[in-house]
Amino acid sequence: MAGMVEPRWHDVARATGLLAPDGTVAATIFAEMTALAGRTGAANLGQGFPDVDGPDFLKEAAVAAIRDEPNQYAPGSGVPALRRAVAAHQQRHYGLQADPDTEVLVTVGATEGIAASIMAFAGPGDEVLTLEPFYDSYAAIIALTGATHRTVPMRPAAGGFRIDPDDVAAAFTDRTRVLLVNSPHNPTGTVLSREELTALAEQATANDVVVVTDEVYEHLTYGAEHIPIATLPGMAERTLTISSAGKTLSFTGWKVGWVHGPAELVTGVRTVKQFLTYVASGPFQHAVAKGLDDDGRTASYVSGLRDSLWQRRDFLVGALEEAGFAPLAPQGTYFVAADAAGLGHDDAATLCRELPELAGVVGVPISAFCTPGGAVAESLRSWVRFTFVKSPEVLERAVEGLQRLRT
């Protein structure tokens, strides 16, 4: 309407590259590519979700919780069994201490945990720093707060996408309030090294910045060590560590995540979170608690999943190389980034729209994970992200299609 103040959702759409000059909003590239796969019957290697559920014993635990537990609002911080299980998980895997009553918060997936954390500690006039490329919800969340989004570029190298300490130092300002770190990293598959994490930690400490981490792929790494930044000297007291059951246990639809950190910071996140969704689903929390309280079955499942994904990663990376792409084998996550320039395609967005016809495959341009029109988006213009968290049958069909690109 004429004279109306521009609504905040315009900021979200603009930050994610979806706002057209006439004010209309386009579908996300993920929705577009998924719809394209559905229309064409192409193998959908664009959207990263498993096509097989997690272990049956956890499904049965969810069913039992529906039968045996109250199906009313769960406690605002999460059911006690899950908070205890998260605290035990952090101690068992990383040596991090957590009081389940004051230092753990259950959220509706990691996405809500990240959103509530950013909203708790950043607002207009502040800056939030992420790596770039970045998971697409980050830009939207930052836009909702009214803060400014700044980034540290990740650059492709022989060992994967890496960050430079000089770029890290240059990205921090006196307005930086939050550093959002994602490792293992979506979309590149990079697992940040101790040296890279140290460079980020030193600047966060020097600038008195709250660190929020997205570690949802923490157990899906391939020969690389995942190091939570909270384990570095002096970082536990300023870090909110976020993860979820979706990736580790292959139940993305359950949307059970958690935040772990100092009580003062968790209180800030809880204050925001309680006015977003109030509480997460109770029965699924009970089931995830059983999954994290490892009795051997979960460890066996996760180990088998990781080994299977490792094999599928190698299969897809080899096929992409044979097709003429230049992929970088990921150290973690579900995803592989591949440069299509060697195939004569310098615009991955256009290529992704043509791939269903050319090869019967759908991917997503890496530029969709970058600031629209920015320098990183331009430098990665020819790069495509493919997922390998699909059944062997789907991957084999995709590989057969990719072989056609050579001809």
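Here, every reference points to the structure presented above.
The following paragraphs examine the structure supplied in this document. (Residues numbered from 1 in each chain as written. Predicted model: local features only at pLDDT ≥ 70, side-chain atom pairs only at ≥ 80, totals over all residues. Heavy atoms only, no water.)

1. A few points about the packing of aromatic side chains
Line of reasoning, step 1. Applying the stated criterion to the full structure yields 12 aromatic pairs.
Line of reasoning, step 2. Plain terms: the ring middles of tyrosine 217 and phenylalanine 335 are 6.1 Å apart, the flat faces sit at 75 degrees to each other, and that makes the pair edge-to-face. Here phenylalanine 335 lies in strand β12 (residues 335-339) and tyrosine 217 lies in the loop between β8 (210-214) and β9 (239-244), a separation of 118 residues in the sequence.
Line of reasoning, step 3. Relative to phenylalanine 284, the ring of tryptophan 254 lies with its centre 4.7 Å away and its plane at 10 degrees, an arrangement referred to as stacked. Here phenylalanine 284 lies in helix α11 (residues 282-292) and tryptophan 254 lies in the loop between α9 (245-248) and β10 (256-260), a separation of 30 residues in the sequence.
Line of reasoning, step 4. Tryptophan 254 sits in the buried class, given a relative accessible area of 13%.
Line of reasoning, step 5. Classification of phenylalanine 284 as partly exposed rests on a relative accessible area of 25%.
Line of reasoning, step 6. Through pairs of rings, three or more aromatic residues link up here, namely Tyr217, Tyr334 and Phe335.
Line of reasoning, step 7. Sitting over the ring of phenylalanine 335, arginine 385 keeps its end group 3.7 Å from the ring centre. (Phe/Tyr/Trp six-rings, centres within 6.5 Å; stacked < 30°, edge-to-face > 60°. Helix = DSSP H or I, 4+ residues; strand = E, 2+ residues; numbered from the N terminus. Buried < 20%, exposed > 50% of the residue type's maximum accessible area, 1.4 Å probe, protein only. Lys NZ or Arg CZ within 6 Å of the ring centre and 35° of its normal.)

2. Describing the pattern of salt bridges
Line of reasoning, step 1. For the structure on display, the rule yields 14 salt bridges.
Line of reasoning, step 2. A salt bridge links arginine 83 to aspartate 101; its shortest N-O distance comes to 3.4 Å. Of this pair, arginine 83 sits in helix α4 (residues 80-94) while aspartate 101 is found in the loop between α4 and β2 (104-108), placing the two residues 18 residues apart along the sequence.
Line of reasoning, step 3. For aspartate 101, a relative accessible area of 54% translates into the label exposed.
Line of reasoning, step 4. Across the salt bridge formed by aspartate 346 and arginine 381, the nearest N and O atoms sit 3.8 Å from each other. With a gap of 35 residues between them, aspartate 346 in the loop between β12 and α13 (348-359) and arginine 381 in the loop between α14 (375-379) and β15 (383-387) connect regions that are remote in the sequence.
Line of reasoning, step 5. When its relative accessible area of 32% is taken as the criterion, arginine 381 is described as partly exposed.
Line of reasoning, step 6. What you see here is one network of salt bridges that share partners, running through Glu127, Arg150 and Arg175. (Salt bridge = Lys/Arg side-chain N within 4 Å of Asp/Glu carboxyl O.)

3. Some thoughts on the sheet that holds strand β11 (residues 326-328)
Line of reasoning, step 1. Spatial strand order, β11-β12-β15-β14: 4 strands in an open sheet with antiparallel pairing. Looking at strand neighbours, the two that pair on one side only are β11 and β14 (364-365), the edges of this open sheet.
Line of reasoning, step 2. With 2 bridges connecting them, β14 and β15 associate as antiparallel partners. Across the sheet, valine 364 pairs through a bridge with arginine 385, a residue of β15.
Line of reasoning, step 3. In this fold helix α12 (residues 297-323) packs onto β11, β12 and β15, with an angle of close to 10 degrees to the strand it touches most, β12. (Pairing = 2+ DSSP bridges. Contact = heavy atoms within 4.5 Å. Axes fitted to C-alpha atoms, helices over the stretch in contact; angles between N-to-C directions.)

4. Some details on the side chain of glutamate 215
Line of reasoning, step 1. Its location among the elements puts glutamate 215 in the loop between β8 and β9.
Line of reasoning, step 2. In this structure, glutamate 215 is buried with no salt-bridge partner, the nearest side chain bearing the opposite charge being arginine 194 at 12 Å.
Line of reasoning, step 3. Looking at glutamate 215, its side chain comes within polar contact range of the side chain of threonine 213, at 2.7 Å.
Line of reasoning, step 4. Apart from residues lying up to four places away in sequence, glutamate 215 is in contact with Ser183, His226, Pro228, Ile229, Thr241, Ile242 and Ser243. (Lys, Arg positive; Asp, Glu negative; His and termini not counted. Polar contact = N/O pair within 3.5 Å; in protein donor to acceptor, adjacent residues only side chain to side chain.)

5. Topic: the pairing of β12
Line of reasoning, step 1. Most of β12 sits out of view: 5 of its 5 residues are buried.
Line of reasoning, step 2. Along β12, one buried face is formed by Phe335, Ala337 and Asp339 and the opposite face, lined by Val336 and Ala338, is buried too.
Line of reasoning, step 3. Looking at chain direction, β11 and β12 are connected through 3 bridges and run antiparallel. Looking at the pairing, alanine 326 lines up with aspartate 339 of β12.
Line of reasoning, step 4. Two successive antiparallel strands, β11 and β12, enclose a turn made up of 6 residues, where threonine 333 displays a positive phi of approximately 75 degrees.

6. Some remarks on the sheet that holds strand β3 (residues 127-132)
Line of reasoning, step 1. With mixed pairing, 7 strands are arranged side by side in an open sheet as β2-β10-β9-β8-β7-β3-β4. Strands with a single pairing partner mark the edges of an open sheet, and in this sheet they are β2 and β4 (148-153). Averaged over all neighbouring strand pairs, the angle between strand axes comes to 25 degrees, with direction disregarded.
Line of reasoning, step 2. α4 rests against β2, β9 and β10 of the sheet, and its axis sits at about 110 degrees to β2.

7. Observations regarding a negative patch on the surface
Line of reasoning, step 1. A surface patch of negative charge is lined by Asp51, Glu393, Glu396 and Glu400.
Line of reasoning, step 2. For aspartate 51, the position within the fold is in the loop between β1 (43-44) and α3 (56-68).
Line of reasoning, step 3. By relative accessible area, which is 38% here, aspartate 51 ends up partly exposed. (Patch = residues over 30% accessible without salt bridge, like charges linked within 9 Å, V, L, I, M, F, W, Y side chains within 5 Å. Areas by Shrake-Rupley, 256 points an atom, 1.4 Å probe, with all protein chains shown as cover. Charge placed at Lys NZ, Arg CZ, Asp CG, Glu CD.)

8. Here's the deal with the environment of proline 187
Line of reasoning, step 1. In this structure, proline 187 sits in the loop between β7 (176-182) and α8 (194-206).
Line of reasoning, step 2. Owing to a relative accessible area of 0%, proline 187 belongs among the buried residues under this scheme.
Line of reasoning, step 3. Setting aside its immediate chain neighbours within four residues, proline 187 contacts Pro133, Phe134, Phe335, Ile366, Phe369 and Arg385.

9. Comments concerning helix α6 (residues 136-145)
Line of reasoning, step 1. Of all 10 residues in α6, 8 are buried; the element is thus mostly enclosed.
Line of reasoning, step 2. All buried positions along α6 are accounted for by Ser137, Tyr138, Ala139, Ala140, Ile141, Ile142, Ala143 and Thr145.
Line of reasoning, step 3. Tucked inside the fold, the buried residues of α6 contact α1 (8-15), α5 (109-121), β3, β4, β7 and β8.
Line of reasoning, step 4. Note on α6: the residue one or two positions beyond its end, glycine 146, has a positive phi of about 85 degrees.

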